Amino acid sequence: MCARKTNHIDKVTNNIVPVNRRAALAQLSALAGIAAWPGQAVIAQDQQNDIKQSATTKRVRKIATEEAFMIPEVALAIRNLVQKGGSNLDYKLLTTVFDSPAATVSQGPTNVPPPVSNRDAGARLLLPNLLDLDQGRLANMDASGVDMQVLSLSLPGVQLFEANQAVALAQLSNDQLSEAIRRHPTRFAGLACFAPQDPKQAAREMERSINSLKLNGFLVNSHTGNGYLDEQRFWPILEAAEALGAPLYIHPRAPSDGMAAPFQDYRLEGAIWGYGIEAGTHALRLMLSGVLDRFPKLQIVLGHMGEALPFWLWRLDFMGAPGARAGRGNQLKPSEYFRRNFSITTSGVEDPLALRFCIDKLGIDSVMWAIDYPFQPTAPAVAFIESAPLSDQERVKVAHSNAERIFGIKI
């Protein structure tokens, strides 16, 4: 493959300047200490953790619906940002992923990756797997029988940058995502990113992503500049998603500054607790503000088994019924919004009891399977959906047909 030029954003001037993608990849490879094809570490880890499929289990098509990728230009911009330092809680993970010393990472073919329980060491192996949209990722999928990944730009997306830079990087990311899907149309679908920093430009990019790039929906990494989508300044984004009939995946990130203090210690800010609390809070703001009455056809996807909200619905209805408390604008109960406007994925929660509860509580048509690649290993997620106590019809819906319907996947 020949070197191909594209653009990146100059961190001083915010102007778009030419960049050689091969050079950018080489710089990132040197940064991460990559000694082998991206994806090998996760493949080896999956082989180490592999749980063999039961001989009696019928093969089912599998579409994984929350699978992260990265492009070199955004990765370099994140690296530049975290090197400047700051109090943003996302920087703890982002520094490990995007600015790890090369000496701490080795992905030679004979090396054994760290155990899944060593999250810090594992995070240093993520960047090459995020950047890979070809052989390594496909080999990982093939090794465990994953038919398709629905790709989305990894957290924090473009939401930490100044508005003009964010707009340009979102366009570049969506273009490269579309190219990857064209290369592998039966293996990848995609969710577009956008820059909430400029809601009008975000709406234009959303329209381009669906109408021109033929992507399958959108993903936003929750709050932007400590603001949430129920705020009126962001309504053009919700209006565009509803008008386009495309789902909006609200992915977590670390808690915003106003709720950050208790999450500063013990790495509570991340996937262990802070992410779910933050994304669940975002969804509740949309419900209790009445925004979903203004946009009643808006479809929202939450990962991680619904960010715990399905398990709280009884209490949310009791405390959050219409008119229960001044300052709320909701016309429906939270559970009614949840069933009308939301679907969930299983990303990062491989618990058959939790899956059964969510199916029974929300309905089988609202639950989709996901891996959360490369943050979670593939093989155990596949074993989970293949072995969970579901009927054949339920397994088909969770494993692929709900995703095909919700995200408009035709293949």
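Rules of the game
Residues numbered from 1 in each chain as written. Predicted model: local features only at pLDDT ≥ 70, side-chain atom pairs only at ≥ 80, totals over all residues. Heavy atoms only, no water. Helix = DSSP H or I, 4+ residues; strand = E, 2+ residues; numbered from the N terminus. Buried < 20%, exposed > 50% of the residue type's maximum accessible area, 1.4 Å probe, protein only. Lys, Arg positive; Asp, Glu negative; His and termini not counted. Salt bridge = Lys/Arg side-chain N within 4 Å of Asp/Glu carboxyl O. Polar contact = N/O pair within 3.5 Å; in protein donor to acceptor, adjacent residues only side chain to side chain. Phe/Tyr/Trp six-rings, centres within 6.5 Å; stacked < 30°, edge-to-face > 60°. Contact = heavy atoms within 4.5 Å. Patch = residues over 30% accessible without salt bridge, like charges linked within 9 Å, V, L, I, M, F, W, Y side chains within 5 Å. Areas by Shrake-Rupley, 256 points an atom, 1.4 Å probe, with all protein chains shown as cover. Core = buried A, V, L, I, M, F, W, Y, C linked by side-chain atoms within 4.5 Å. pLDDT = per-residue confidence, 0-100. Axes fitted to C-alpha atoms, helices over the stretch in contact; angles between N-to-C directions. Left-handed = near helix turned anticlockwise from the far one by under 90°. Nonpolar A, V, L, I, M, F, W, Y, C, P; charged D, E, K, R; others polar. Pairing = 2+ DSSP bridges.

## Here's the deal with the side chain of Asp317
- Within the secondary structure layout, Asp317 lies in helix H14 (residues 309-320).
- The buried charged residue Asp317 lacks any salt bridge, with Lys333 as its nearest oppositely charged partner at 5.2 Å.
- A distance of 2.5 Å separates the side chain of Asp317 from the side chain of Ser335, its partner in a polar contact.

## As for the packing of aromatic side chains
- Going through the model one piece at a time under the given rule, you end up with five aromatic pairs.
- Between Trp235 and Phe295, the aromatic rings sit 6.2 Å apart at their centres with planes inclined by 80 degrees, giving edge-to-face as the arrangement. Note that Trp235 is positioned in helix H10 (residues 235-244) and Phe295 in the loop between helix H12 (291-294) and strand E8 (300-302), a separation of 60 residues in sequence.
- Geometrically, the ring pair formed by Trp314 and Phe318 is stacked, given 5.5 Å between the ring centres and 5 degrees between the ring planes. Placement of the pair is Trp314 and Phe318 together in helix H14, with a separation of four residues, close to one helical turn. Taken individually, Trp314 and Phe318 each receive the classification exposed, so the pair is uniform in this respect.

## Notes on the environment of Ile364
- Mapped onto the elements, Ile364 comes out in the loop between helix H16 (352-362) and strand E10 (367-368).
- With 30 residues separating them along the chain, Ile364 and Glu394 place their C-alpha atoms 6.7 Å apart.
- With residues near it in sequence (within four places) discarded, Ile364 still touches Ile359, Glu394, Lys397, Val398 and Asn402.

## Topic: a nonpolar patch on the surface
- On the surface, Phe311, Trp312 and Phe357 cluster together to form a nonpolar patch covering roughly 310 Å² of accessible area.
- Its relative accessible area of 33% is what places Phe357 among the partly exposed residues.

## Quick word on the nonpolar core
- Judged by nonpolar contacts, the single largest core of 102 residues is most densely connected at Met70, Phe161, Phe218, Leu238, Phe338 and Trp369.
- Here this core takes eight residues from helix H8 (residues 163-183), the largest share from any one element.
- With 13 residues, the next largest nonpolar core counts Ala189, Leu219, Val301 and Ile409 among its residues.

## Comments concerning the confidence of the model for the chain
- On average, the chain scores 88 in pLDDT, and the residues at 70 or more come to 82%.
- Taken as a whole, residues 29-56 scores under 50 in pLDDT and shows 68 contacts with residues more than four places along the chain or in a different chain.
- Of the regions scoring below 50 in pLDDT, residues 102-110 engages in 24 contacts with residues more than four places distant in sequence or in other chains.

## Observations concerning the pattern of salt bridges
- Applying the stated criterion to the full structure yields 16 salt bridges.
- We note a salt bridge from Arg59 to Asp147, for which the minimum N-O separation is 3.2 Å. Of this pair, Arg59 sits in the loop between helix H2 (40-49) and strand E3 (63-69) while Asp147 sits in the loop between helix H7 (135-144) and strand E4 (148-153), and the two are 88 residues apart along the sequence.
- The exposure class assigned to Arg59 is partly exposed, which follows from its relative accessible area of 45%.

## Focus: the packing of helix H11 (residues 274-288) against H14
- Here H11 crosses H14 at 35 degrees, and the two axes come no closer than 13 Å. Crossing hand, H11 versus H14: right-handed. Between H11 and H14, the contacting residues are Gly280, Ala283, Leu284, Met287 and Leu288 on the first element and Leu309, Leu316 and Gly320 on the second.
- Broken down by class, the residue content of the contact of H11 with H14 amounts to six nonpolar, two polar and no charged.

## Points about the sheet that holds strand E6 (residues 218-220)
- Across the sheet, five strands lie side by side as E6-E7-E8-E9-E10; this open sheet has parallel pairing. The outermost strands of the open sheet, each flanked by one partner alone, are E6 and E10.
- Bridge analysis of strand E7 (residues 248-250) against E8 gives three bridges, and the strand direction is parallel. Bridging from a neighbouring strand, Ile250 pairs with Leu302 of E8.

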